[in-house]
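Each chain is listed here by its residues.
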Amino acid sequence: MKIPFSPPFINESVVYEVIDSLHSGWITSGPKVKALEEEIKKFSSTQEVLCVNSWTSGAIMMLRWLGVKPDDEVIVPAYTYSATALAVLHAGARPVMVDSSDDFNVSLAAIRKAITPKTKAIIPVDIAGWPCNYEQLMKLVQEDEIKQRYQPNSPVQEKLGRIVVISDAAHSLGARYRNHQHTGSETDIVIFSLHAVKNITTAEGGAICLNLPLPFDNAALYHELHQMSLNCQTKDAFSKSKAGGWKYDIVGLGMKINMADVNAAIGLAQIREYPKLLKERKRVFETYNAAFSRCEWAILPPSSDGERESSYHIYALRIRNFTEAQRDRMIDEIARHEVAVNVHFIPMPMLSFFKSLGYDIHDFPQAYANYKAEISLPVYPQLDEEALRYIISTVQEAYQTVASGV
Ligand SMILES: *Cc1c(COP(=O)(O)O)cnc(C)c1O
């Protein structure tokens with residue numbers, strides 16, 4: 001049996017929405033994008049949502065809006081997908097990497113230690129869809145002593161008066177936190193990814209949720225950022241296409257990162273069915289949990305603790321007491337049986353580019369410990385019981401083969 005890792009969920013409703021966009025006479029940013037923004041806003045209980053063409057470009061734009069400068073520091077976990085730190089570099093600031101906790105998410109103690117007067121932002125990551133401890137993190141940036149050390153050097157930084165928290169929620173659309181609402185409103189800015197492998201996709205895309213405190217006006221900020229995502233042009237192509245609407249101005253240096261309607265159509269159809277799709281993902285997680293909780297060598301990923309619930313994006317299984325080489329051999333064994341698995345993530349300090357910048361994996365022992373034992377198993381609604389049984393037995397046999405050293 002051939003098991004792909006993460007095929008997109010494409011049914012008739014998705015096809016219908018895309019065809020509807022193609023037939024409408026308008027395929028780039030317009031009514032479908034607006035409708036998707038409204039759906040995400042409702043679903044995630046956030047104040048404003050702006051859709052863009054990727055998580056990465058959205059994060060770069062938000063850091064530029066924040067006005068970071070070359071000497072400024074942005075705290076990121078060492079254990080994440082590289083986009084988290086690359087966005088900081090593209091925006092012209094310095095990523096300060098910190099270690100993780102045993103639940104894969106960034107360590108709050110490590111964040112506290114890394115804060116300096118140059119810290120302008122913190123980007124926590126909901127690894128695998130498991131929400132970070134946002135209540136504690138938001139308390140941390142509001143502590144008097146930390147606020148007193150903060151040195152704003154842009155109008156936006158001045159206005160906020162503290163470190164901004166921008167969550168990398170690339171994995172966590174659909175997760176739940178504390179009040180049992182879906183996540184999206186816990187930090188100042190929350191960015192979801194709508195890339196092809198994520199729970200909800202527009203092929204490529206991102207959604208920026210705005211929850212800034214007063215005196216910020218999130219509705220006004222939405223309009224400012226919408227314009228910024230379209231080259232800071234005062235009129236978008238949709239309004240310009242109307243008779244008599246030809247005049248426009250360019251009022252700043254923006255980016256060109258808007259989402260197209262034909263893309264938004266995919267996500268629009270998917271998010272309308274998301275409660276059902278999430279239940280299917282949960283079913284996959286629970287099937288894995290039931291099987292691997294009987295294996296003393298398996299460390300199960302966090303999925304629910306009564307206060308938080310995962311979006312069931314990635315099943316991050318860990319193998320107790322395995323070395324990195326054993327884990328790699330186990331993946332080879334699984335691949336021989338045509339089950340596609342992955343590793344989330346290779347910590348950034350182990351990648352050439354970040355090494356060349358001076359980051360060293362020895363400074364992040366927990367990130368390495370999480371990485372060396374991790375194997376991500378396929379999770380998607382289309383996986384039926386037969387496929388799951390095959391994946392589970394393949395993984396169990398691969399473990400036995402490697403552990404027995406044959
Ligand atoms: C996928 C991903 C991103 C990047 O998302 P894009 O939409 O592809 O730019 C960022 N952070 C994490 C943790 C991701 O997994």
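Residues numbered from 1 in each chain as written. Predicted model: local features only at pLDDT ≥ 70, side-chain atom pairs only at ≥ 80, totals over all residues. Heavy atoms only, no water.

Okay, the overall build of the protein next. A count of helices and strands for the protein gives 16 helices and 13 strands. Its C-alpha atoms give the protein a radius of gyration of 22 Å, near enough to 22 Å, the size a compact globule of 406 residues would have. Based on the C-alpha atoms only, the size of the protein along its principal axes is roughly 75 × 55 × 40 Å. Here the protein holds 406 residues, and the buried ones make up 56% of them. Counted over contacts in the protein with a minimum sequence separation of 6, partners at least 24 positions apart contribute 73%. Carbon and sulfur atoms make up 53% of the accessible area of the protein, which amounts to about 17,200 Å² in all. A gap of 3 Å separates the mean positions of the 41 positive and 47 negative side-chain charges of the protein. (Helix = DSSP H or I, 4+ residues; strand = E, 2+ residues; numbered from the N terminus. Rg over C-alpha atoms; globule rule 2.2 N^0.38 Å. Buried < 20%, exposed > 50% of the residue type's maximum accessible area, 1.4 Å probe, protein only. Contact = heavy atoms within 4.5 Å. Areas by Shrake-Rupley, 256 points an atom, 1.4 Å probe, with all protein chains shown as cover. Lys, Arg positive; Asp, Glu negative; His and termini not counted. Charge placed at Lys NZ, Arg CZ, Asp CG, Glu CD.)

With that out of the way, let us pick up unusual backbone geometry. Across the junction of leucine 214 and proline 215, the peptide omega takes the value 10°, indicating a cis bond. Tracing the backbone shows proline 215 in the loop between strand 9 (206-210) and helix 9 (218-228). In this model, histidine 344 is joined to phenylalanine 345 through a cis peptide bond whose omega is 5°. Within the element layout of this structure, phenylalanine 345 appears in the loop between helix 13 (324-336) and helix 14 (352-356).

Right, let's get into the pattern of salt bridges. Tallied over the full model, the rule gives 25 salt bridges. Where arginine 112 meets glutamate 143, a salt bridge forms, and the shortest distance between an N and an O atom there is 2.8 Å. Taken together, the positions of arginine 112 in helix 5 (residues 108-114) and glutamate 143 in the loop between helix 6 (134-141) and helix 7 (144-149) put the pair 31 residues apart, joining distant regions of the chain. Given a relative accessible area of 26%, glutamate 143 falls into the partly exposed group. A salt bridge links glutamate 333 to arginine 336, with the shortest nitrogen-to-oxygen separation between them at 3.2 Å. Placement of the pair is glutamate 333 and arginine 336 together in helix 13, with a separation of 3 residues, close to one helical turn. Residue arginine 336 is classed as exposed on the basis of its relative accessible area, which comes to 59%. When salt bridges with common partners are traced through the structure, they connect Glu17, Asp20, Lys32, Glu39, Lys42 and Arg272 into a single cluster. (Salt bridge = Lys/Arg side-chain N within 4 Å of Asp/Glu carboxyl O.)

Another point: the side chain of lysine 120. Assignment of secondary structure puts lysine 120 in strand 4 (residues 119-122). Beyond its immediate sequence surroundings of up to four residues, lysine 120 is in contact with Leu66, Val68, Asp72, Glu73, Tyr150, Gln151, Asn153, Gln157, Ile163 and Val164.

Taken as a whole and judged by the stated rule, the model has 5 cavities of 30 Å³ or more. Computed from the structure, the largest cavity encloses a volume of approximately 100 Å³. For the largest cavity, the lining is made up of 17 residues, of which Pro7, Phe9, Lys198, Asn199 and Arg281 are closest to its centre. When residues in the lining of the largest cavity are grouped by element, the largest group, 3 residues, is from helix 12 (residues 274-292). Classifying every residue of the lining of the largest cavity by side-chain character gives 10 nonpolar, 5 polar and 2 charged. Domain assignment of the residues forming the lining of the largest cavity places at least three in each of domain 1 (12-271) and domain 2 (274-403). (1 Å grid on protein atoms, 1.4 Å probe; cavity = no way out; pocket = protein on both sides within 12 Å on 5 of 7 lines; lining within 4 Å. Points joined across faces, edges and corners; volume = space filled by probe spheres on them. Nonpolar A, V, L, I, M, F, W, Y, C, P; charged D, E, K, R; others polar. Domains from an automatic or database assignment.)

This part covers the domain arrangement of the protein. What the domain assignment reports for the protein is domain 1 (12-271) and domain 2 (274-403). Taking the mean C-alpha position of each, domain 1 and domain 2 sit 27 Å from one another. Each partner contributes residues to the interface: domain 1 has 43 residues there, and domain 2 has 38 residues. Carbon and sulfur atoms make up 63% of the area that domain 1 and domain 2 hide from each other, which totals about 3,300 Å². Joining domain 1 to domain 2, the criterion identifies 3 salt bridges. Of the charged contacts, one joins arginine 178 and glutamate 307 as a salt bridge, the two residues approaching to 3.0 Å between their closest N and O atoms. Counting across the interface, domain 1 meets domain 2 through 23 residue pairs in polar contact (both at pLDDT 80 or more). Residues of the side of domain 1 that touches domain 2, tallied by class, amount to 24 nonpolar, 13 polar and 6 charged. (Buried area = accessible area lost by both parts, 1.4 Å probe. Polar contact = N/O pair within 3.5 Å; in protein donor to acceptor, adjacent residues only side chain to side chain.)

As a further point, take the side chain of serine 57. You can see serine 57 is positioned in helix 3 (residues 55-66). Reaching out from serine 57, the side chain makes a polar contact with the side chain of asparagine 53 at a distance of 2.5 Å. With near-sequence residues (within four places) excluded, serine 57 lies in contact with Val52, Met255 and Ile257.

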